[in-house]
Amino acid sequence: MIGSWVAVVRRRFSQDGLFWACAATVILLVPILLVVAWRATTLEQAQQDAAHAAMVRSAERRAQVQALALALKDVESSHRGYLLAGDPSFLRRYHAAAPDLDDRFAQLHLAFADQPDQQARVFRARELASQRMEVMEATRRARDVQGLEAASAIVATRRGENLMEQLRAVTDEITAAEARNLSQRLEQSNRQTLQARRVASISFMLVLAAIVAAAVMAFRYTNLRTKLITRARAEAERRQAIFDSAMDAIVIFNPSGGIETMNRAAEEMFGYSVTELVGRDISTLVPDAMGGDALFLDRLRNERNLRQGSACEFEARRRDGATFPVDINFGEMHQPDGVHAVAVMRDCTERRKAELAKSEFVSTVSHELRTPLTSIAGSLGLLVGGAGGTLPEKAGRLIAIAESNSRRLVRLINDILDMEKIQSGKLTFTLRPLDLGDLAQRAIDGMSGLSSETGVAIAYVPPDAPVTVHGDADRLTQVVTNLISNALKFSPRGGKVQVKVEVAGRHARLRVSDQGPGIPAEFRERIFGRFAQADSSDTRQKGGTGLGLAISKEIVERHGGRIWFESTPGQGATFFFELAAQRPAAGAPAARTGNEPRVLLCEDDPDVSHVLAEALRAQGFAVEATATLKETQTALASGRAFDVLLLDIRLPDGSGLDLLRRMRADPAMRHLPTIIISGDRADREAMAGLGLVDWIEKPVDMSRLQAALGQAIDTSDDDGPLVLHVDDDPDLRHLVEEALSGRCRLVSAESLAAARSRLAEATPDLVILDVGLPDGSGLDLLGELVDKDGRPIPVVVFSAQAFDEGKIADAVDAVLVKSRTSLGQLVATVRRLCAATAAEPAET
């Protein structure tokens, strides 16, 4: 470019040396002008650096002023919180405020060292802050010494408020003055920059090549910058469109919780505009975010275990003060000034309403289905048991089918409701020490009917000694029952299911083995899933919902145990579950796991023993059989509670008469009802005075034995105990009345008001209580159920409504769920509690 210019000049000028003079001049001017241009550019850069430094210093000063204002606001909020609530925890930031404010004022004083007018304003602000702190301290002392009214009187003088207004005015003056100073500096810098640019322009105009080069470079730079700006603007607009079109509210805030921006959905959700919230604390929207000395993000990490993308539930607040629940998903943005956060908020009011509606629906289903099903199953059970007289054979078969299917329907409904409890986290447990072997025996006894239906025998291998675990008896029985039920269903007729309880290291283990087809390989991974069936045809052939194993797994794992299986196709399957074994306390009786009356049967003839045990189990009794005096004494001394003893006289290792005499001399066993079953009448007179319930000769008359057992378990009162039954279902009240007929005096009440009326008429010996009543909860009666001496009346909660049993464990004696409890179990529970109540005076 320069060569071309020289050629042009050379053509224009003569050869007399003028060209060379001009060339020499240009050659000399070029470096000079380049130096001038370079110097002007350097000065321009220096001015820009100075302007930038001034802006940074100004920003820092204003940030210090803003931080001071926020600190004063924080102190005032803490002070106000303490005045209103009287909670000393509000004073932590208040007491830390004085040195913090002094430090901040000292920093401001140093920051404005070159501005005397600003230093004067800082000094004025410091005086006002000190006066405000004195007013707050006086108010706090008045609150501590004289109470809230005295503090309110000081507040009412508005002196503190006036000081704060003056202080805000001073800080506003400082900020405004700093802004003016910065503006002046920038204007001066701009003028100097303009001058430098002019110098550079003139210099480059003198050198055509430099001008052209500068123009080319400027063009390329401008073109590139324009493209970059256009691209950045398009990207910003695209992101802003995404930001604003999101259906969820999005709020961006800094590490301390100050709001930086938010989208339109957030504006609509909270009722604020962006400009109203920028700079305000996140606690304006989420009150739970207030408080604590740490930064908001740090508190979230520590208190709520915040992780990138994790969600938490908070209570949010709209502009009108209304609160509502929100799910907040937090994300972090690493910026040069620190970690900022993005909060994506979703109003979960409708979800909560749906959960509440679901809970209410389940509660309604629980009550409205379980109560009539209990009546239906109970009525059919009474008919099958002969309560309505002898039925024709055809009618008997139909009734048996109806009774069996009613029990099946109850099980299905229980499984569905249990699964809902698991999903909602409402499955509760009442934990206590249990004998796992005793629990297994009771579950086996309860499955005798299904065993007969399927034609599959149950073989039980008991442990050598009691195996104690800490668990919920009803829920663990449910697990064992599910495993045995599955084994019976899938074993062939004529097959055998083995149940074994053992100790494996530090764990108590129960295993259930069947002789079924085994578990297919493709089904094993989902066998513990909900509604899991190996084959859809199994649902029709075997019945069930496919929820039993899923519920069992949840129950076992909630007990801190594990459940698994082993299976070879074609060779059956074995299911295991393990719980932590506990060593029972010395002399502590084994805990009872059910409400059936327990019978200790001492009979040396195995055939007679088997027949009697099966007959009694079919009648709802739990039976433990022994064959010798030694075994009987061991059972009695083990601590297992028995309701009645069936005793043979002629035993291989001695006479039952000697055992009976030792029992009557032992205060712990003196009151155990005893029925003699013997084929020898020789010792009958020797038994006089030993408190026998009955002497039944062999062969045993089962009707007489049942009557004797009823007499043994019932109280000795001629009229029987007075039982108050509170339930709003008339059919169920009638059914319970039939079941308890002849065993007690029963009065009924259909509501809380009727129950209180019955209590005013007479004090019952026991109360059977439903929870869901037309005029309130039956649990409201618990505080009123005391006898004339102020002792609590035994209470059996018999309800279909779900509730937290742990909250009333100390106020009731038994909790029975209608659809899970047979009438026989209810009767047995009433017998046991009435017998215990009647025995208390003798024991004392």
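To be clear, the structure that these remarks concern was listed above.
Cut-offs used in this document
By convention here, each chain's residues receive numbers from 1 onward along its written sequence. Owing to the predicted nature of the model, reporting of local features is limited to residues with pLDDT of at least 70; listing and counting of side-chain atom pairs is limited to 80 or more, with chain, interface and lining totals taken over all residues. For side-chain calculations, the full set of non-hydrogen atoms in the structure is used, while hydrogens and water are omitted. In this description a helix means any DSSP run of H or I spanning at least four residues, a strand means any run of E spanning at least two, and both kinds are numbered starting from the N terminus. For every residue, the accessible area obtained with a 1.4 Å probe (protein chains only) is divided by the maximum for its type, and the residue is called buried under 20%, exposed over 50%, and partly exposed between those limits. Contacts are assigned to residue pairs that have any heavy atoms within 4.5 Å of one another. Here the accessible surface of atoms and residues is derived via Shrake-Rupley with a 1.4 Å probe, and residues count as covered only by protein chains that are part of the display. When the centres of two rings from Phe, Tyr and Trp lie within 6.5 Å, Trp using its six-membered ring, the rings pair. Their planes under 30 degrees apart give stacked, over 60 give edge-to-face, and anything left gives tilted. Each ring is checked for a lysine NZ or an arginine CZ that lies within 6 Å of its centre and within 35 degrees of its normal; such an atom marks a charge sitting over the ring. Only buried Ala, Val, Leu, Ile, Met, Phe, Trp, Tyr and Cys residues count toward a nonpolar core, and they belong to the same one when joined by side-chain atoms within 4.5 Å. Here, any two strands with at least 2 DSSP bridges between them count as paired. To be clear, the arc concerns the directions from the helix axis to the C-beta atoms. Each salt bridge in this description consists of a side-chain nitrogen of Lys or Arg and a carboxyl oxygen of Asp or Glu lying within 4 Å of one another. The angle between two axes is taken between their N-to-C directions and runs from 0 to 180 degrees, where each axis is a line fitted to C-alpha atoms and a helix contributes only its stretch in contact. Whenever two N or O atoms come within 3.5 Å, that pair is a polar contact, provided that in protein one can donate a hydrogen and the other can accept it, and provided that, for residues adjacent in sequence, both atoms are side-chain atoms.

Visitor: Looking at this structure, how should I read the overall build of the chain?
Guide: Scanning the chain for helices and strands turns up 25 helices and 26 strands. Looking at the 844 residues of the chain, the share that counts as buried comes to 42%. Contacts in the chain between residues far apart in sequence, at least 24 positions, make up 65% of those at least 6 positions apart. Summing over all exposed atoms, the chain offers an accessible surface of approximately 44,600 Å²; the carbon and sulfur share of this is 54%.

Visitor: What am I meant to see in the packing of aromatic side chains here?
Guide: Applying the stated criterion across every chain, the model contains five aromatic pairs. Geometrically, the ring pair formed by Phe528 and Phe575 is edge-to-face, given 6.4 Å between the ring centres and 85° between the ring planes. Residue Phe528 is found in the loop between β10 (507-513) and α17 (536-542), and its partner Phe575 is found in strand β12 (residues 573-582); the two are separated by 47 residues along the sequence. Each member of the pair, Phe528 together with Phe575, is buried. Members of the aromatic cluster, connected to one another through ring pairs, are Phe528, Phe565 and Phe575. Across from the ring centre of Trp564, 3.8 Å away, lies the NZ or CZ of Arg562, which sits over that ring.

Visitor: I would appreciate a short explanation of the nonpolar core in the present structure.
Guide: One broad trend across soluble globular proteins is that nonpolar side chains are buried collectively. Ranked by size, the top nonpolar core spans 45 residues in total, and within it Phe575 and Phe577 carry the most contacts. Elements supplying a minimum of two residues to this core: α13 (393-424), α14 (436-446), α16 (473-490), β9 (496-504), β10, α18 (548-558), β11 (562-567) and β12. Take this core: its biggest share by element is eight residues, from α16. In this structure, Val65, Ala71, Val135 and Leu167 belong to the second largest nonpolar core, which totals 24 residues.

Visitor: Sorry, what's going on with the environment of Asp780 here?
Guide: Relative to the elements of secondary structure, Asp780 occurs in the loop between β24 (776-777) and β25 (795-799). A C-alpha to C-alpha distance of 8.3 Å links Asp780 and Leu752, two positions 28 residues apart in sequence. Ignoring anything within four residues of it in the chain, the contact list for Asp780 reads Leu752 and Arg756.

Visitor: How do you make sense of the pairing of strand β5 (residues 338-347) when you look at a structure like this?
Guide: Across a regular strand the side chains alternate sides, sitting on one face of the sheet and then on the other. When strand β1 (residues 249-253) meets β5, the two strands line up antiparallel, connected through five bridges. Directly across from Phe253, in β5, lies its bridge partner Ala341. Note: strand β4 (residues 323-335) against β5, ten bridges, orientation antiparallel. What sits directly across from Asn329, in β5, is Val344.

Visitor: Honestly, helix α20 (residues 629-637) in this entry has me stumped. Any pointers?
Guide: Each full turn of the α-helix corresponds to 3.6 residues, which orients residues three or four apart in the same direction. All of the buried residues in α20 are Leu629, Thr632, Ala635 and Leu636. Across the axial projection of α20, the buried residues extend over an arc of 125°, all falling on one side. Looking at α20, the residues exposed on the side facing more than 90 degrees away from the buried face are Lys630 and Ala637. Buried positions along α20 lie against β13 (598-602), β14 (622-626), β15 (644-647), β16 (650-651), β17 (654-655) and α21 (656-665).

Visitor: Just checking my understanding: could you explain the side chain of Asp244 for this structure?
Guide: Among the secondary structure elements, Asp244 is positioned in helix α8 (residues 208-245). When sequence neighbours within four positions are dropped, the list of residues in contact with Asp244 reads Asn263 and Arg264.

Visitor: In this structure, what is going on with the pattern of salt bridges? I would like to understand it.
Guide: Opposite charge on two side chains permits pairing when their charged atoms draw close. Under the counting rule described, the total for this entry stands at 28 salt bridges. One salt bridge in this structure joins Arg319 and Glu276, with 2.8 Å as the shortest N-O distance. Within this pair, whereas Arg319 is found in the loop between β3 (311-317) and β4, its partner Glu276 is found in helix α10 (residues 274-277), the two being separated by 43 residues in sequence. The residue Arg756 makes a salt bridge to Glu784 at a minimum N-O spacing of 3.0 Å. Of this pair, Arg756 sits in helix α24 (residues 752-761) while Glu784 sits in the loop between β24 and β25, placing them 28 residues apart in sequence. Of the residues examined, Arg756 reaches a relative accessible area of 34% and is grouped as partly exposed. In this structure Glu784 comes out as partly exposed when scored by relative accessible area, which is 36%.

Visitor: Quick question: what am I supposed to make of unusual backbone geometry here?
Guide: For residues besides glycine, phi is generally negative; the peptide bonds are generally trans as well. In this structure, Arg158 is a non-glycine residue whose phi angle is positive, near 65°. Tracing the chain through its elements places Arg158 in the loop between α6 (148-156) and α7 (159-206). With a relative accessible area of 42%, Arg158 lands in the partly exposed category.

Visitor: What is the right way to look at the sheet that holds strand β20 (residues 722-726) in this model?
Guide: Through backbone hydrogen bonds, the strands of a sheet pair up, either in parallel or in antiparallel fashion. Ordered by their spatial adjacency, five strands build an open sheet running β21-β20-β22-β25-β26, and the pairing between neighbours is parallel. Two strands close off the open sheet at either side, each with one partner strand: β21 (745-749) and β26 (814-817). Each strand axis lies, on average, 20° off the axis of its neighbour in the sheet, ignoring direction. Both β20 and strand β22 (residues 766-769) contribute to a ladder of four bridges, which runs parallel. Opposite His725, over in β22, you have Ile768 as the bridge partner.

Visitor: Got a minute to help me understand the sheet that holds strand β18 (residues 674-678) in this structure?
Guide: In spatial order, the strands read β14-β13-β15-β18-β19; together these five strands make up an open sheet with parallel pairing. In this open sheet, the two strands that pair with only one neighbour each are β14 and β19 (692-697). Taking each pair of neighbouring strands and ignoring which way they run, the sheet shows an average axis angle of 20°. One ladder, built from five bridges, connects β13 with β14; its direction is parallel. Within β14, the residue paired with Cys602 across the bridge is Thr626.

Visitor: Which parts of the structure should I look at to understand α24?
Guide: Residues Leu752, Ala754, Ala755 and Leu759 constitute the buried set of α24. On an axial view of α24, the arc spanned by its buried residues comes to 160°, and they lie on one face. Opposite the buried face of α24, at more than 90 degrees from it, the exposed residues are Ala760 and Glu761. Structurally, α24 contributes buried residues whose contacts are with β20, β21, β23 (772-773) and β24.

Visitor: What is the right way to look at the side chain of Gln115 in this model?
Guide: Inspection of the secondary structure assignment puts Gln115 in the loop between α4 (97-111) and α5 (116-145). Polar side-chain contacts of Gln115 include one of 2.8 Å to the side chain of Asn181. Not counting residues up to four positions away in its chain, the partners in contact with Gln115 are Arg61, Glu178, Asn181 and Arg185.

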